[in-house]
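# Observations on the model geometry
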Amino acid sequence: MDLNNCYHCGASCGKSPKIFDEKRFCCNGCKTVYEILSSNELGCYYDLQSAPGTIPTDIKGKYNYLENESIIEKLLEFNDTETSVVEFFIPSIHCSSCIWILENLTKLNSGVTTSMVNFPKKTVRITFKNNATSLKQIVELMTSIGYEPYISLDDADTIKNKVDKTLIYQVTIAAFCFGNIMLLSFPEYFSANEFWLEKYKHLFRWLILAMAIPVVFYSAKNYFFSAYKGLSHKILNIDVPIALGISVLFIRSSMEIILNTGSGFFDSLAGLVFFLLLGKFFQQKTYNFLSFERDYKSYFPIAVTKIADGIEKNIPVEDIEKGDRLLIRNQELIPVDGILINGNAAIDYSFVTGESLPVTKQSGDKIFAGGKQTSGAIEMEVISTISQSYLTQLWSNDVFNKTDDLSIKNITDTLSKYFTIAILAIAVFAAVFWYIYNPSMVFNVVTAVLIIACPCALALSAPFAIGNILRIFGYHKFYLKNAETVEKIAKIDTIIFDKTGTITTTDKSHVIYRGETLNLDEIRAVKSVLRASNHPLSRSLYNHIPQEALMDKPTHFEELLGKGIHGIINEMGIKLGSASFVGAPSFEMNDTAIHIAINNQFKGSYIFKNSYREGTKHIFEILSTNYKLVILSGDNDGEKIYLEKLLPKNTIFQFNQKPEDKLEFIKELQKNGEKVMMVGDGLNDAGALAQSNVGIVISENVNVFSPACDGILDAKFFKNLPKLLTISDKTITIIKTSFILAFCYNVVGMYFALTGALTPIVAAILMPLSSISIVIFVTIMTNLVSKKYLK
């Protein structure tokens, strides 16, 4: 580790590090965390990994709402007056040191009895004694050591979605019965007329029948339900021939055992159900630690500070009423629409409107829910409750309640419609033909036809192919909501990108200076004046200027809201702000800029440019060959000229788009028959993401808030987007190829079955073999395709 980096978090310590215990720290917060851990004999935290910590945030008054009993009750999972249990999501968990320190909270707070970390889900489950500590103290402790819990309004919902484990139980029972049925069938497979076989043969057969019953009536029940529902809606889905094949196998095998004419085909039946369920499990086993159905509740705070008669009181967000006076601290979210009463407001609405710049507001101005205050504390008066705010109304659109039409089926069900009709027709033809020529063969031939034609290979190819691709995508930080999303991606012909936060990155911005060259003293004076300002642009410019600020403090400093700042230092009058404020010559500029005047003489401008994600130009060039591309942004058109040079010539640009404008734009494209993918990041994209055929969210942190969508792509892997879309398309091609192979199996098998040359037992053996070969084929092919494009 670099000696100039912080011992706790690894950040640069700059030129003024904090020294303690012969170690360097970037700030007092990191130094305090080290002191806490060292004093409690938890120094091993730093042995597991170098600089594992994060910079702690200011907690003064931040968690006072955790003294409210109604809020505590909603957050706790268990409370018997003596002991309580709570589970928190901790975004900053990233290594073994994090797990170790969080599971040793008992040493930092004696009231904590146990703490267990779930690393994949980034959660910690804490059990504590109510008489020894409180929920507020625990949260403040975790925040003070750099592990701030993510607590939102969504956590207050009393109804939690329970994990449905039915499929797991069905697979388990099918696997158990399949294994034991095979074991009990072996003696009859490999022995002739030995005494022990003749003595126990009937017992073994009845045991096999007994174990087949739960396989058919429990593990396979969903195939019968699905077939029934499909038929009731006049739809022949893939489950109709599967249910028919399972029924024939079960009835034929049961009759053989009951009538003592044979051992049946229960091993093939159990194997068929097991592999079908395994494919379904593999397909559904995606990313349950992610949420693809989030709304504004996941973004809103759980409580807010209300001021009544000069007294501050924390109340749940749901209890806010019209006319209440609220205190919004620095970096806190505004939960409702209101009027600014007091304080300097610089509100970041980027997550709601897409506008990248903070908006300054003065006393009496209206402010909207969803913005984040970035410049100190403000006071506001509520003019609408949370259910009536502008942000909440974004979710009232019908697009968020749409459901898929039953007539829209995936490619497997589309094929099965014709497959089922053909199989039933062939079975009827075979029955009539053999009834005329040899009635004794009718039952065997029809049974063999229905068994060999059971579309298990057809049913397994898509789940295993798409399930494997979902796994590979997840490895490359591309998480899809379900298997159908892969099929939808393959049909896309138009891709729409939001700008702010999607193709731009919040990590850094480019700052360009244009104007008269400033000497060293002037640059240092400008930085000294900037140091006293809390405006986001002032802070960005302050961090950008590499020179050290002057040691002297400004003798005069004044910040005019919405205009700029004026300071005097070393007899230099410094003005920073808008063009009109500093007296800059009139010229048209859409770019964000801080203009500079020294001693009332205009010097130049620091112009802020968005920083675009790595490979943006290359990504758009590749996509433009196969897709229609659109930039649909809520931001202004200040960078339109730059984007026109950066992106392909056929790219369409739409700026100053409100959330409802984005939604309507996509609707118009869909009316023209276009299949649209929306790639966005914020609440302002929520309607567009829901309306589009496929909605993909670009997220800096896949576990923290993102709107309802079909997929989440980690921002660090944005450059892989064209490859991921190509792989989705290739996967569908592989599935179609596997359907052709499965069809060939059925044609060959059907020929022998119709001629009477294929007995039911041979058909029952060939059926799982063909299924396994198809599974192997799609698995190998999807792996090869992914390796080709994701090297």
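Notes on the structure in this doc start here. (Residues numbered from 1 in each chain as written. Predicted model: local features only at pLDDT ≥ 70, side-chain atom pairs only at ≥ 80, totals over all residues. Heavy atoms only, no water.)

Our next topic: the overall build of the chain. A count of helices and strands for the chain gives 25 helices and 28 strands. Out of the 791 residues belonging to the chain, those deemed buried represent 51%. Partitioning the contacts of the chain with sequence separation of at least 6, the portion at a separation of at least 24 is 68%. When the accessible surface of the chain is split by element, carbon and sulfur atoms take 55% of a total near 37,500 Å². (Helix = DSSP H or I, 4+ residues; strand = E, 2+ residues; numbered from the N terminus. Buried < 20%, exposed > 50% of the residue type's maximum accessible area, 1.4 Å probe, protein only. Contact = heavy atoms within 4.5 Å. Areas by Shrake-Rupley, 256 points an atom, 1.4 Å probe, with all protein chains shown as cover.)

On to helix 6 (residues 135–144). Along helix 6, seven of the ten residues are buried, which leaves the element largely enclosed by surrounding structure. Residues Leu 135, Lys 136, Ile 138, Val 139, Leu 141, Met 142 and Thr 143 constitute the buried set of helix 6. Gly 146 lies just past helix 6 and shows a positive phi near 95°.

With respect to topology, seven strands assemble into an open sheet ordered 16-28-27-26-17-24-25, the strand pairing being mixed. The sheet terminates laterally at strand 16 (478–480) and strand 25 (652–654), the two strands that pair on one side only. Taken over all neighbouring pairs, the strand axes of this sheet differ in orientation by 20° on average, direction set aside. For strand 27 (residues 694–699) and strand 28 (residues 711–714), the ladder comprises four bridges, and the chain directions are parallel. Its bridge partner being in strand 28, Ser 699 is matched across the sheet by Asp 714. (Pairing = 2+ DSSP bridges. Axes fitted to C-alpha atoms, helices over the stretch in contact; angles between N-to-C directions.)

Taken as a whole and assessed by the stated rule, the structure comprises 19 aromatic pairs. Of the aromatic side chains, those joined through ring pairs into one cluster are Tyr 7, Phe 20, Phe 25 and Tyr 34. Here the guanidinium or amino end of Lys 23 rests over the ring plane of Tyr 7, the centre of that ring lying 5.2 Å away. Across from the ring centre of Phe 581, 5.3 Å away, lies the NZ or CZ of Lys 575, which sits over that ring. (Phe/Tyr/Trp six-rings, centres within 6.5 Å; stacked < 30°, edge-to-face > 60°. Lys NZ or Arg CZ within 6 Å of the ring centre and 35° of its normal.)

So, about the pattern of salt bridges. According to the stated counting rule, one finds 15 salt bridges in the structure shown. With a closest N to O distance of 2.8 Å, Arg 325 and Glu 379 form a salt bridge. Remark: Glu 379 occurs in strand 15 (residues 378–382) and Arg 325 occurs in strand 9 (residues 325–328); sequence separation between them is 54 residues. For Arg 325, a relative accessible area of 34% translates into the label partly exposed. Taking the shortest distance from any N to any O, the salt bridge between Lys 603 and Glu 516 comes out at 3.1 Å. With Lys 603 in strand 23 (residues 601–612) and Glu 516 in the loop between strand 18 (504–515) and helix 17 (520–531), this residue pair connects regions lying 87 residues apart in the sequence. One connected set of salt bridges, linked through shared partners, spans Glu 77, Glu 87 and Arg 125. (Salt bridge = Lys/Arg side-chain N within 4 Å of Asp/Glu carboxyl O.)

Within the secondary structure, Thr 127 is located in strand 6 (residues 123–129). When sequence neighbours within four positions are dropped, the list of residues in contact with Thr 127 reads Thr 83, Ser 84, Val 85, Gly 111, Val 112, Thr 113 and Thr 114.

Turning our eyes to something else, we now look at helix 20 (residues 616–623). Taken together, the buried positions of helix 20 are Thr 616, Ile 619, Phe 620 and Leu 623. In a view along the axis of helix 20, the buried residues occupy a sector of 95°, so they form one face of it. Taken together, the buried residues of helix 20 touch strand 17 (494–497), strand 23, strand 24 (628–632), helix 21 (640–646) and helix 24 (721–754). (Arc of directions from axis to C-beta.)

Turning next to the nonpolar core. Core analysis: the largest hydrophobic core is formed by 81 residues, its most contacted members being Phe 266, Ile 495, Phe 497 and Met 677. Sorting elements by how many residues they give to this core places helix 15 (residues 456–475) first, with ten residues. Counting residues in each nonpolar core, the second largest holds 44 residues, with Leu 66, Leu 102, Val 112 and Ile 138 among its members. (Core = buried A, V, L, I, M, F, W, Y, C linked by side-chain atoms within 4.5 Å.)

It is worth spelling out the environment of Phe 557 at this point. By the secondary structure assignment, Phe 557 is in strand 19 (residues 556–560). Look at Phe 557 and you get partly exposed, because its relative accessible area is 30%. C-alpha separation for the pair Phe 557 and Ser 533, spaced 24 residues apart in sequence, amounts to 9.1 Å. Excluding residues within four positions of it along the chain, Phe 557 makes contact with Val 529, Ala 532, Ser 533, Ile 565, His 566 and Gly 567.

Moving on, we come to the pairing of strand 11 (residues 345–348). The sheet contact formed by strand 11 and strand 12 (residues 359–361) spans three bridges and is antiparallel. Looking at strand 12, one finds that Ala 346 is bridged to Thr 360. Alignment of strand 11 against strand 14 (residues 372–373), held across two bridges, turns out to be antiparallel. Counted as the bridge partner of Ile 347 is Gln 373 from strand 14.

Following both chains from N to C, one finds helix 9 (residues 221–232) and helix 10 (residues 239–258) inclined at 130°, their axes separated by 8 Å at the closest point. When the axis of helix 9 is compared with that of helix 10, the two are oblique. The crossing of helix 9 and helix 10 is left-handed. Of the residues in helix 10, those in contact with Tyr 223, Phe 224, Ser 226, Ala 227 and Leu 231 of helix 9 are Asp 239, Val 240, Ile 242, Ala 243, Ile 246 and Ser 247. By residue class, the composition of the contact of helix 9 with helix 10 is eight nonpolar, two polar and one charged. (Parallel < 35°, antiparallel > 145°, perpendicular 65-115°, else oblique. Left-handed = near helix turned anticlockwise from the far one by under 90°. Nonpolar A, V, L, I, M, F, W, Y, C, P; charged D, E, K, R; others polar.)

Okay, the environment of Pro 149 next. Structurally, the position occupied by Pro 149 is in the loop between helix 6 and helix 7 (166–190). On the accessibility criterion, Pro 149 (5% relative accessible area) is buried. Along the sequence, Pro 149 and Thr 123 sit 26 residues apart, while their C-alpha atoms lie 8.9 Å from each other. Apart from residues no more than four positions distant in its own chain, Pro 149 is found in contact with Tyr 63, Phe 88, Phe 89, Ile 90, Val 139, Met 142 and Thr 143.

Moving on, we get to the sheet that holds strand 4 (residues 83–89). Spatially, the four strands line up as an open sheet ordered 3-4-6-5, and their pairing is antiparallel. If you trace the sheet from one side to the other, it starts and ends with strand 3 (78–79) and strand 5 (112–118), each paired once. Of the strands in this sheet, strand 4, strand 5 and strand 6 are in contact with helix 6, which crosses strand 6 at around 135°.

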